[in-house]
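Listed here are the chains, written in short residue letters.
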Amino acid sequence: MCLILICNSERPSVDYLKKASDVNPHGMGIAWFEKKAVRFKKGITQVDDLFEISQKVKLPYTIHFRMDSVGDKSLTLTHPFPLFTEDLFALEGEAKAVLFQNGHWSGYLDIADIITFVGKKKIKTNSDTAVLANLINLYGWQILNHLDISSQKICIMEDGVIQITKNFVKDGNFTCSNLNHKHQSYTYYDWYKWRTK
């Protein structure tokens, strides 16, 4: 399961980032506020690169570590997803808002098919977060009130504010979508070997 790490007043150490990446090794992304927009960079594969960015940008910021549990192993599926822009899969840029998500939304493919069927937009992705970002782009924030996503952990950055769902946890000065990176003594690769035996 991925990790969303919100850093309001403290920057994570390189060791903290490495542990989170070891458990969620399929790419990282970071978003921060710059003037009235949100800047982002995702598709990061090296912890040292993420650490360098995290030391330079202004707090607060949000970091995402991806485990490819839903969707392909593609750096375009790392988070955040820029909202209200043309290129939902951009690896770097600026947006009015960005979306991070952690958890599994089982109904996303049905919703994508319905949107395609009614002619709103052809959604070609097998990522639940990309479908959710498409829905927000098409219908605005109010769509979140009509979806069964109560088990999802969602973080939205917009207008200088980081908004999260209620099911996040504290880890010192950090706010996290889960604490798996603190308690797991194995890496993704260990888990994958066990899973495929």
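Not measured: the values here are computed from a predicted model.

Definitions and limits used
- Residues numbered from 1 in each chain as written.
- Predicted model: local features only at pLDDT ≥ 70, side-chain atom pairs only at ≥ 80, totals over all residues.
- Heavy atoms only, no water.
- Salt bridge = Lys/Arg side-chain N within 4 Å of Asp/Glu carboxyl O.
- Helix = DSSP H or I, 4+ residues; strand = E, 2+ residues; numbered from the N terminus.
- Buried < 20%, exposed > 50% of the residue type's maximum accessible area, 1.4 Å probe, protein only.
- Axes fitted to C-alpha atoms, helices over the stretch in contact; angles between N-to-C directions.
- Parallel < 35°, antiparallel > 145°, perpendicular 65-115°, else oblique.
- Left-handed = near helix turned anticlockwise from the far one by under 90°.
- Contact = heavy atoms within 4.5 Å.
- Nonpolar A, V, L, I, M, F, W, Y, C, P; charged D, E, K, R; others polar.
- Core = buried A, V, L, I, M, F, W, Y, C linked by side-chain atoms within 4.5 Å.
- pLDDT = per-residue confidence, 0-100.
- Pairing = 2+ DSSP bridges.

Chemist: Would you mind going over the pattern of salt bridges with me for this structure?
Modeler: Pairs may arise between side chains of opposite charge once their charged atoms sit close together. Summed over all chains, the structure comprises 6 salt bridges. A salt bridge links K56 to E52; its shortest N-O distance comes to 3.1 Å. Highlighted residues: K56 and E52, both in helix 2 (residues 47-56), separated by 4 residues, approximately one helical turn. In this structure E52 comes out as partly exposed when scored by relative accessible area, which is 43%.

Chemist: Looking at this model, I keep getting lost on the packing of helix 1 (residues 14-23) against helix 2. Mind explaining?
Modeler: Packed helices, taken two at a time, are described by the angle their axes make and the gap between the axes. Where helix 1 contacts helix 2, the two axes come as close as 10 Å, and the packing angle between them is 135 degrees. On the basis of their axis angle, the class for helix 1 and helix 2 is oblique. For the pair helix 1 and helix 2, the sense of crossing is right-handed. Taken together, the residues of helix 2 that come into contact with helix 1 (itself represented by V14, L17, K18 and S21) are V47, D48, L50, F51 and S54. A class-by-class count of the residues in the contact of helix 1 with helix 2 yields 5 nonpolar, 2 polar and 2 charged.

Chemist: What exactly am I supposed to notice about the nonpolar core here?
Modeler: As a rule of thumb, nonpolar side chains are buried together in soluble globular proteins. Formed by 22 residues in total, the largest nonpolar core has its most connected members in L99, W105, V131, L132, L135 and L147. Mapped onto this core, the elements with two or more residues apiece are strand 5 (81-83), strand 7 (97-102), helix 3 (108-117), helix 4 (128-139) and strand 8 (153-158). The leading source of residues in this core is helix 4, at 6 residues. When residues no more than four places from it in sequence are discounted, the contact partners of L147 are W105, L132 and L135. Counting 19 residues, the second largest nonpolar core, distinct from the first, contains C7, L17, W32 and I44.

Chemist: It is not clear to me how the confidence of the model for the protein chain should be interpreted in this structure. Could you clarify?
Modeler: Regions with low pLDDT should not have their predicted coordinates read in detail. Taken residue by residue, the protein chain gives an average pLDDT of 86. The fraction at 70 or more is 90%. Across the protein chain, helix 2 holds the top mean pLDDT of 98, while helix 6 (residues 188-195) sits lowest at 45. Low confidence marks residues 188-197, where pLDDT is under 50. Its contacts with residues over four positions away, or in another chain, come to 10 contacts.

Chemist: How should the sheet that holds strand 5 be read in this particular structure?
Modeler: Where strands meet in a sheet, backbone hydrogen bonds hold them as pairs that are either parallel or antiparallel. Taken together, 4 strands build an open sheet; the order of strands is 5-7-8-9 and the sheet is antiparallel. Unpaired on one side and paired on the other, strand 5 and strand 9 (161-164) mark the two borders of the sheet. Between one strand axis and the next, the sheet turns through 25 degrees on average, direction left out of account. Sheet topology places strand 5 next to strand 7; 3 bridges connect them, and they run antiparallel. Residue pairing for strand 7: P82 is matched across the bridge by V98. Sheet strands in contact with helix 4 are strand 5, strand 7 and strand 8, and its direction is about 5 degrees off that of strand 5.

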